[in-house]
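Take a look at the letters that make up each chain.
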Amino acid sequence: MSADTRRRVKLYTLNEDRQWEDRGTGHVNTPYISRLNGVALLVRSETDGSILLESKIQMHTAYQKQQETLIVWSEGDKYDLALSFQEKAGCDEIWEKICQVQGKDPSLDITQDVESEDEQFIDSSTDTSLGMGIGPIQLPPCDLAHLGEIADCLRSALAMPAKREKMAIAIENENCVKKLIEMFHMCEDLENEDGLHHLYEIMKTLCLMNKNSLYEIMFSNEFIMDVIGCFEYDPSLPEPVRHRDYILTKAKFKGIVPSSNTELVAKIHQTYRVQYVQDVILPMPSMFEENTLSSLSSFVFFNKIEIVTMIQDDDKFLTTFFRDLLDDETPEARRRDMVLFLKELCQFSQILQKAQKDNFFKNLI
């Protein structure tokens, strides 16, 4: 693996509509820049060598590492940036450099506790030298008797970013998602309506915590359908909403092309289901909450890029697809499904940068 490959990145910025825009592909380094009086993230275009990004690594900026190959941060109130690495090793190298500059532990996925004014007031009015500030979070026992307490505890953390970050760490460290799913199975078996209502509130709050590390657990192949199952028991509705039934039957995935690429198939399934959670299940954020689900939007966005890339790299998939599409023996119903799949794939490709998009359509032709 060459250094050029490791350090190859795509630069994204988040626009006013909260959509990620591709700003180009290049190679990232972390030189000391005298003019900035510090170490910076420097990305030069791979096409003409122009500077795509020159961003000093600030001591108090919260950098986040997501999905193994992403680094995301904000500059100013509404200027969000992301570096998407071609190789995990390159992401790890740059992440370690950021953490080194800030004096942080590179094993964590965020470099700062982002505090609101309320939290700063709380910290300044307590004796932090005695550990009286916001310390590690201790969750209630993860069992049926304490579901209501867990729901209340999670809700109390939403308004304060530093507490929310520590809450997410506690949930991961204590393997809470798996335990909650086990309780969901028990509540369904026992028809425990109160427990199911609490689990709905818990899963909703976990999503609103806007933590990519939690999404990777909740939306893994192991748990995603059970998480969607929890969302069927909205206490504000008179009857459960059969989301799983819709996904597994009415919106059943079509086997467009038999593929041995199980990773690709799993990624397509995951993306559709997470998009369903985002578009159908979760409440639409108001204009005052536009950042509430930004990490979930990013999760879907970068999944789509990964799907297009994986399909481009799978020559057998494309060859088989177009052979069947043009075969006169292919049933019309299947041909219609294939055309719809191709249409959606082309829609996914619109988020690629121009050179990659052109290459994608050349491969299709």
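See the structure above.
All values derive from a computational prediction rather than experimental measurement. (Residues numbered from 1 in each chain as written. Predicted model: local features only at pLDDT ≥ 70, side-chain atom pairs only at ≥ 80, totals over all residues. Heavy atoms only, no water.)

A word on the packing of helix H12 (residues 294-313) against helix H13 (residues 315-326)
Keep this limit in mind: Each axis is a line fitted through C-alpha atoms, and for a helix only the stretch in contact is used; angles between axes span 0 to 180 degrees, taken between their N-to-C directions. Each helix corresponds to a stretch of at least 4 residues labelled H or I by DSSP, and each strand to a stretch of at least 2 residues labelled E; elements are numbered beginning at the N terminus. Oblique is the label for every angle not falling under 35 degrees (roughly parallel), over 145 degrees (roughly antiparallel), or within 65 to 115 degrees (roughly perpendicular). We call two residues contacting when some pair of their heavy atoms lies within 4.5 Å. When residue character is reported, Ala, Val, Leu, Ile, Met, Phe, Trp, Tyr, Cys and Pro are called nonpolar, Asp, Glu, Lys and Arg charged, and the others, Gly included, polar.
At a minimum axis distance of 5 Å, the contact between H12 and H13 shows a crossing angle of 80 degrees. Taken together, the axes of H12 and H13 lie roughly perpendicular to each other. Contact residues: H12 offers Ile311, Gln312 and Asp313, while H13 offers Asp315, Phe317 and Leu318. Grouping the constituent residues of the contact of H12 with H13 by class yields three nonpolar, one polar and two charged.

Here's the deal with helix H5 (residues 161-173)
Formally: Expected helix span is taken as 1.5 Å per residue step, with the number of steps being one fewer than the number of residues. Throughout, exposure labels follow a simple rule: accessible area from a 1.4 Å probe, protein chains only, divided by the maximum for the residue type, with under 20% read as buried, over 50% as exposed, and the rest as partly exposed.
With 13 residues, H5 extends 18 Å between its outermost C-alpha atoms, agreeing within 8% with the 18 Å of an ideal straight helix rising 1.5 Å per residue. Restricting attention to buried positions, one finds in H5 the residues Ala162, Lys163, Glu165, Lys166, Met167, Ala168, Ala170 and Ile171. In the stretch just after H5, Asn175 is the one whose phi turns positive, near 55 degrees.

Some thoughts on the nonpolar core
Note the cut-off: Put simply, buried Ala, Val, Leu, Ile, Met, Phe, Trp, Tyr and Cys residues joined by side-chain atoms within 4.5 Å make one nonpolar core.
Membership of the largest hydrophobic core comes to 50 residues, with the highest contact counts inside it found for Ile171, Leu206 and Phe219. For this core, the secondary-structure elements that each account for two or more residues are helix H4 (147-157), H5, helix H6 (176-190), helix H7 (193-208), helix H8 (212-218), helix H9 (224-230), helix H11 (262-281) and H12. The next biggest cluster of nonpolar side chains, apart from the first, holds 29 residues, and it includes Val72, Ile307, Ile311 and Phe341.

A word on the packing of helix H14 (residues 332-349) against helix H15 (residues 354-364)
Packing of H14 against H15 brings their axes to within 10 Å, and their N-to-C directions diverge by 160 degrees. In this view, H14 runs roughly antiparallel relative to H15, as classed from their interaxial angle. Each of Leu342, Leu345, Cys346 and Ser349 in H14 lies in contact with H15, whose residues at this interface are Lys357, Phe360, Phe361 and Leu364. When its residues are assigned to classes, the contact of H14 with H15 shows six nonpolar, one polar and one charged.

A word on the environment of Thr47
Note the cut-off: Throughout this description, a polar contact denotes any pair of N or O atoms lying within 3.5 Å of each other; where both atoms belong to protein, one of them has to be capable of donating a hydrogen while the other can accept it, and for residues adjacent in sequence the pair is counted only when both atoms sit in side chains.
One can find Thr47 in the loop between strand S4 (38-45) and strand S5 (51-56). Thr47 gets classed as exposed once you look at its relative accessible area, which sits at 70%. Remark: the alpha-carbon pair of Thr47 and Gly26, spanning 21 residues in sequence, is separated by 7.7 Å. At a separation of 2.7 Å, a polar atom in the side chain of Thr47 contacts the side chain of Ser45.

Quick look at the packing of aromatic side chains
This is how the line gets drawn: Between rings of Phe, Tyr and Trp, where Trp is taken as its six-membered ring, a pair exists when centres lie within 6.5 Å; planes separated by under 30 degrees are stacked, by over 60 edge-to-face, and by other angles tilted.
A full pass over the atoms with the stated rule returns 14 aromatic pairs. When the ring of Tyr12 is compared with that of Phe302, the centres are 5.1 Å apart and the planes differ by 85 degrees; the resulting orientation is edge-to-face. Taken together, the residues Tyr12 in strand S1 (residues 8-14) and Phe302 in helix H12 connect sequence positions 290 residues apart. One aromatic cluster is present, built from ring pairs that chain together Tyr12, Trp20, Phe301 and Phe302.

Here we look at a nonpolar patch on the surface
Note the following rule: Exposure above 30% relative accessible area and the lack of any salt bridge qualify a residue for a patch; like charges then connect within 9 Å, and the nonpolar side chains Val, Leu, Ile, Met, Phe, Trp and Tyr within 5 Å. Here the accessible surface of atoms and residues is derived via Shrake-Rupley with a 1.4 Å probe, and residues count as covered only by protein chains that are part of the display. Any Lys or Arg side-chain nitrogen located within 4 Å of an Asp or Glu carboxyl oxygen qualifies as a salt bridge.
Together, Leu144, Met186 and Leu190 give the surface a local cluster of nonpolar side chains, amounting to about 270 Å² of exposed area. For Leu144, the location among the structural elements is in the loop between helix H3 (117-124) and H4. Judged by its relative accessible area of 31%, Leu144 is partly exposed.

Focus: the side chain of Lys211
Among the secondary structure elements, Lys211 is positioned in the loop between H7 and H8. At 2.7 Å, the side chain of Lys211 forms a polar contact with the side chain of Glu165. Ignoring any residue separated from it by four or fewer positions in sequence, one finds Lys211 in contact with Gln64, Asp109, Glu165 and Ala168.

Some details on the environment of Ile51
For Ile51, the location among the structural elements is in strand S5. On the accessibility criterion, Ile51 (44% relative accessible area) is partly exposed. Separated by 24 residues in the primary sequence, Ile51 and His27 place their C-alpha atoms 9.9 Å from one another. Those residues within four positions of Ile51 in sequence are excluded, and the remaining contacts are Leu42, Val43 and Arg44.

Re the side chain of Asp226
The line we're drawing: Charge assignment: positive for Lys and Arg, negative for Asp and Glu; neither His nor the chain ends contribute.
The residue Asp226 is located in helix H9 in this model. For Asp226, which is buried and forms no salt bridge, the nearest opposite charge comes from Arg244, at a distance of 4.9 Å.

A look at the state of the cysteines
For the record, the criterion: In plain terms, two cysteine sulfur atoms within 2.5 Å form what is called a disulfide here.
Applying the stated criterion to the full structure yields zero disulfides. A disulfide-free cysteine, Cys230 has its sulfur positioned 8.7 Å from the sulfur of Cys187, the nearest such atom.

Limitation: the analysis is restricted to geometry and does not speak to function.
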